[in-house]
Every structure is written in structure tokens, then in C-alpha cells.
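In case you want the letters, here they are:
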Amino acid sequence: MDYLKIQGPAHLSGKVKIQGAKNAALPLLALSIIARGKFTLTNLPDVADIATFLKLLGELGATYDKKAANEVVIDTKSITHQKATYDIVRTMRASILVLGPLLARFGYCEVSLPGGCAIGARPINLHIKALEAMGANITIEEGYIRAVAEDGLVGANITFDKITVTGSENAILAAALAKGTTHLYNVAKEPEVVQLCEELAKAGVMIKGIGTSMLEISGSEGELLEFAPIRVIPDRIEAGTYLCMGAITNDEISVEDICSHHLSAIIDKLEEIGFVLSVNETSITLHRAKELAPFSLTTGEYPAFPTDMQAQFMALATQCNGTSSIEEKLFENRLMHVSELQRLNANITTSGNTALIKGKSELVGTDVMATDLRASSALIIAALIARGESRVHRIYHLDRGYERLVEKLRGLGVEVSRERE
Ligand code: EPZ
């Protein structure tokens, strides 16, 4: 396994080109299953989770051609079977996104239960409830979800008990091919869900309410869909992560090739802390703050403050003058970065899902361990301000979602190297 060696404190300058959004690309890769003919994605992030999903499509029998690091052409007409096996699904739980489209297209599929992960149990009961409402017969046997809909799926009225991003995406993908109209209530509004709906609408699926919590989808009655090449939207979480890097060292940096309106909650919080941001549609420049004020935040579904940015802001809070509070409302175990930040000398206490961070702390470099994708990026952020050398271990977590991380850090002036354990 590899680890990152970072010398702190770092002084950052310059700009970072932001990648395509991992969490938009994954449902778009699943969308290829209900496409007729060739299906092209551009601005595809070159990260491990995307490679894993392409491997899964390959195992189902699809063919794909990586035209370049950030472009793929997929053809799913050669899909020969509909089983997503445990060994792939356990490495990436977003594999669950093949459930809806495989069932809609073939009337049958088997998908391994994804199981939990470091940040929580991650149940999929709402995915299953939505597909059953559309007429699927679903059983769980030997760790596999076995779904059957021999006569195809039928449009239904579905209310999600909780807002679920991939649960919404599975239901949308299934409804697109169903017979009749589906109404989805309490559906996720994340930009990644919106892009999926917009691409379906461009392919001729009638969808009303895109971007709202209520969708009306008129299915194609089993007809596969034709898509023009799709450009994956920018990764708002990668952009927010790099903004936090500039914020913690209080240096001026810019992020480019973004959709800044996807980052409103992040921009507001950085401004509340004391940073001045120059914002236009495709780039943001962070300017130095005179003073970093403490803040409080609670994570929520879009457009509230994103849970995927919670760890990064916790690292930043260690440099704010006063006590900040962070409450994690979406996942039951997404504070594991606290103990690793404490190893860097952060002053954090937790009670339930709320953390209190006393700043300003002088962080000191040492060995820390990544536990999940976003917690890992928080450790990188903290290492930038920590005095001396930090070593972030188990960085395969980072490889899942951050493209060319060392190159981009070096481009900002960070003294960093990737080493073998
Ligand atoms: C998506 O995960 C993202 N992943 C996550 O990003 C993100 O943290 C999360 O949404 C919340 O924004 C992808 O898009 C691939 P959920 P997802 O279903 O869809 C509960 C990253 O770092 N729930 O919206 O799995 C669930 O337990 C990853 O890129 C049920 O109870 O999350 C959680 O408490 C991490 N039953 C809440 O809903 C269900 O059937 C939100 O989960 C489904 C979800």
C-alpha cells in the first residue's frame, strides 16, 4: 500500500482544474445499460471508482473503449447476463446503481447486497421499495438481491421515506423504461441526480419537475434510448476540497472548470468564516481572510451543506479562532476523521454525531490513516498546515475519488510525494 508524505506548513498559490464529478459519472455509467448503440461520456474522472464500474459493465458483457483518460465509449448491446457479483459490489457500493436499469431492460437481475462501509450501514431498503412499487418481485437470497419483472416494470407513485441519492437514481433509471407514468416524491435534488434527469429528457423521456423533490416520468415502455455524447458535470466536492486547502493555509488559489452554483453552501460557509471569494460561473478564486471566525454547520441533503464536505471543514475548523461545531445528520458513523485529526494535535470533542472543534490549534505532522474517501482528504488538508512531515496512510481511499492528486497538490506548491509502505 502507498502513503502520501507531505511537508507542512505549505504555502499554496495558483489554480486547479476540477475533474468531472465521480457521483455524476457513476449513475451515467449505469445509464448506458438502457442505451441503444454507442454511449459516450466525456469529462469522465480518471479515478478508481470509475474503473471499477467499467469493470462491472465488462463483467456483465458490455464492451467499452477508453478513448482517453477522461473519455469512454460504451456498448451494452452485448450484455449477456445480469449478475453483479459480490467481489465487485463489495469494493464499490455504488455498483447498486445497475439494479434499476438491468431490471428495467432485462426483466431480471441479481445484484450482491453492497453491505455497509466505514461511514455507516448504508441500507438499500428504499431502492428495493421503489422497484417493488413498479411491479418487481424482489427476494434476498445468499447475500444477493434477486429481482424479477417478467412483464416489465409499470409506472407507480413512490414516496421515499428518506431522501436517498442513489435510491432516487435507481428509481429514475427504472422508471425511464417502465410502462406508464411514475411519480417520485421526496426525491433527491443533488446536481448529479439533475444531470441524470436532464440526459434522459434529451433522449426523449418526458420528465417533469427536474431539480425539484417531485418527479413525473413517462416511461418508454421498454424501448432503449439514444444518447448524444454526454459531458459529466464538474465535481463540486473536489472543488470544495481544494478551496479548503487554500483556506487552511490562508492562501489565494483558484478552482476552474466548475459549476459554481453547485457550491452555494460551501461558498456561504467560507465567506462566513471570513474569506472573500471571487465567484463566476466556471471558476472561484479564494482570497485571504483577515481572521478565521469559528462556525457551526449541520449536514443535509442538497442544497444544504453536503455531508461529503463535512470532514474537510472539520480540518479547517482547527484553524478558526474559537469553538466551531459540526453536526453530521446523514450518516451514523462519519466522524472517524476526528481521531486522526486529534493525532495531528487538533482539539476536538464529540458527543453523538456532533463535534466541537477548539481553534486555533497548532497542528503537528505525524502518521495518520485514511478511513474513507472524504476523511482522507481532510487529513491532506490538515497536513498542509501541520508543522513538519505528515504521512497519510491507506491512500487507496483517495484514489477512489481524487484524480491526479499529487500532481494537483504539487501544482499548488505543496511538497508532497507518494511513497510505498
Ligand atoms: C450518495 O450515497 C453519494 N454516493 C455519497 O457520496 C454521499 O455521501 C451520499 O449520497 C449523501 O449525499 C454516490 O452518489 C455514489 P444516500 P448514497 O442513499 O446514495 C439512508 C462519496 O464520498 N438510506 O443518499 O449511498 C442512508 O443510510 C460518497 O462520494 C436508507 O436508509 O447515500 C443515509 O443515512 C460517500 N435506505 C441516507 O439515507 C436506503 O435505501 C442518505 O443516503 C438508502 C439510503
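Peer 1: Explain the nonpolar core here, please?
Peer 2: Soluble globular proteins: nonpolar side chains tend toward being buried together. Within the largest apolar cluster, 79 residues are counted, with the highest numbers of intra-cluster contacts made by L31, I172 and L200. Ranked by residue count, the leading element in this core is helix α1 (residues 22-31), at seven residues. With 71 residues, the next largest nonpolar core counts A289, F305, L316 and L412 among its residues.

Peer 1: Help me understand the pairing of strand β21 (residues 354-359) in this model?
Peer 2: Along any regular strand, the residues point their side chains to alternate faces of the sheet. Pairing of strand β19 (residues 322-327) with β21, which is carried by six bridges, proceeds in the antiparallel orientation. Along β21, the bridge assignment pairs S325 with L356. Taken together, strand β20 (residues 347-351) and the strand that follows it, β21, pair antiparallel across an intervening segment of two residues, in which G352 is found at a positive phi of about 65°.

Peer 1: What exactly am I supposed to notice about the sheet that holds strand β6 (residues 83-84) here?
Peer 2: Strand order in the open sheet formed by four strands is β6-β7-β9-β8, with mixed pairing between adjacent strands. Both outer strands of the open sheet, β6 and β8 (137-141), are each paired with one neighbouring strand and no more. As judged from the two bridges shared by β6 and strand β7 (residues 108-112), these two strands associate in the parallel manner. When the bridges of β7 are listed, A84 appears paired with V111. Running over the sheet, helix α4 (residues 99-106) touches β7 and β9 (144-148) and is turned about 160° from β7.

Definitions and cut-offs
- Residue numbers here run from 1 along each chain, matching the order of that chain's written sequence.
- Given that this is a predicted model, residues contribute local features only at a pLDDT of at least 70 and side-chain atom pairs are listed and counted only at 80 or more, while totals for whole chains, interfaces and linings are drawn from all residues.
- Each side-chain value is worked out from all heavy atoms of the structure, with water and hydrogens disregarded.
- We call a set of buried residues a nonpolar core when its members are Ala, Val, Leu, Ile, Met, Phe, Trp, Tyr or Cys and they connect through side-chain atoms within 4.5 Å of each other.
- When a residue's accessible area, from a 1.4 Å probe over protein chains only, is under 20% of the maximum for its type it is buried; when over 50% it is exposed; and in between it is partly exposed.
- Helix and strand assignments follow DSSP, with helices taken as H or I runs no shorter than four residues and strands as E runs no shorter than two, numbered in order from the N terminus.
- At least two DSSP bridges between two strands are required for those strands to pair.
- We call two residues in contact whenever any of their non-hydrogen atoms come within 4.5 Å of each other.
- Only the stretch in contact is used when a helix axis is fitted, and all axes are lines through C-alpha atoms; the angle between N-to-C directions ranges over 0 to 180 degrees.

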